[in-house]
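Remarks on the overall topology
Each chain, letter by letter, is given below.
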Amino acid sequence: QVQLVESGGGSVQAGDSLRLSCAASGRTVSGYALGWFRQVTGKEREFIAGISQSGTQYYADPVKGRFTISRDNPKNTVYLQMDSLKSADTAVYYCAAGLFNIQTTKPPYWGQGTQVTVSS
């Protein structure tokens, strides 16, 4: 079992930056692919960024060039640096872990989510 806890959400203005963190416990995450999803009330949860066990990053089109995912295996943590935030980025953000590509295979482990609100 992998337990995931997100932090770093909050309320910001359009154009600002935020960095989300997701701390894992239970198992070392070096053997897992990690990723971030977001969900707006009434809509499906959507993939936004993933990073493989070897460090390869991949992003959904709406966040390419603005968000950066990274991982620190010794700290058992994955990060999401969000720059040039837009009101459309307002959502609950979730981190996830799995053995396979986070974008194509639903991961089994999820955090509880952290709210990001961007005001224009």
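This structure is a prediction, so every number in the text was calculated from the model and none was measured.

The rules we used
Residues numbered from 1 in each chain as written. Predicted model: local features only at pLDDT ≥ 70, side-chain atom pairs only at ≥ 80, totals over all residues. Heavy atoms only, no water. Helix = DSSP H or I, 4+ residues; strand = E, 2+ residues; numbered from the N terminus. Buried < 20%, exposed > 50% of the residue type's maximum accessible area, 1.4 Å probe, protein only. Polar contact = N/O pair within 3.5 Å; in protein donor to acceptor, adjacent residues only side chain to side chain. Contact = heavy atoms within 4.5 Å. Phe/Tyr/Trp six-rings, centres within 6.5 Å; stacked < 30°, edge-to-face > 60°. Lys NZ or Arg CZ within 6 Å of the ring centre and 35° of its normal. Pairing = 2+ DSSP bridges. Core = buried A, V, L, I, M, F, W, Y, C linked by side-chain atoms within 4.5 Å.

The next thing to look at is the side chain of Thr77. If you trace the backbone, Thr77 turns up in strand S8 (residues 77-82). The buried category is assigned to Thr77, whose relative accessible area is 9%. A distance of 2.8 Å separates a polar side-chain atom of Thr77 from the backbone oxygen of Lys75. Apart from the residues lying within four places of it in its own chain, the contact partners of Thr77 are Ser21, Cys22, Ala23, Ser70, Arg71 and Asp72.

For the structure on display, the rule yields four aromatic pairs. With 6.0 Å between their ring centres and 75 degrees between their planes, Tyr32 and Tyr109 make a pair best called edge-to-face. Taken together, the positions of Tyr32 in the loop between strand S3 (18-25) and strand S4 (33-39) and Tyr109 in strand S10 (residues 109-110) put the pair 77 residues apart, joining distant regions of the chain. Accessibility classification places Tyr32 together with Tyr109 in one group, the buried group. Aromatic pair Phe37 and Phe47: ring centres 5.7 Å apart, planes at 80 degrees, arrangement edge-to-face. Placement of the pair is Phe37 in strand S4 and Phe47 in strand S5 (residues 46-51), with a sequence separation of ten residues. Each member of the pair, Phe37 as well as Phe47, carries the same accessibility label: buried. Here the aromatic residues Phe37, Phe47, Tyr58 and Trp110 are joined through ring pairs into a cluster of three or more. It is Arg45 that lies over the ring of Tyr94; its NZ or CZ is 3.7 Å from the centre. A cation sits over an aromatic face here: Arg45 above Trp110, 4.8 Å from the ring centre.

For the rest of this paragraph, the subject is the pairing of S3. The pairing of strand S1 (residues 3-7) with S3 spans five bridges and is classified as antiparallel. Within the sheet, the bridge partner assigned to Val5 lies in S3 and is Ala23. Direction of pairing for S3 relative to S8: antiparallel, over a ladder of six bridges. By the bridge assignment, Leu20 is partnered in S8 with Leu80.

We now examine the nonpolar core. Trp36, Leu80, Met82 and Tyr93 are the most contacted members of the largest nonpolar core, which totals 29 residues. Only S3, S4, S5, strand S7 (67-72), S8, strand S9 (91-98) and strand S11 (114-119) provide two or more residues apiece to this core. Apart from residues lying up to four places away in sequence, Leu80 is in contact with Leu18, Arg19, Leu20, Trp36, Ile48, Ala49, Phe67, Thr68, Ile69 and Tyr93. Core analysis: the second largest hydrophobic core is formed by seven residues, Ala33, Phe37, Tyr58 and Ala96 among them.

All quantities given are derived from atomic positions and should not be read as evidence of function.
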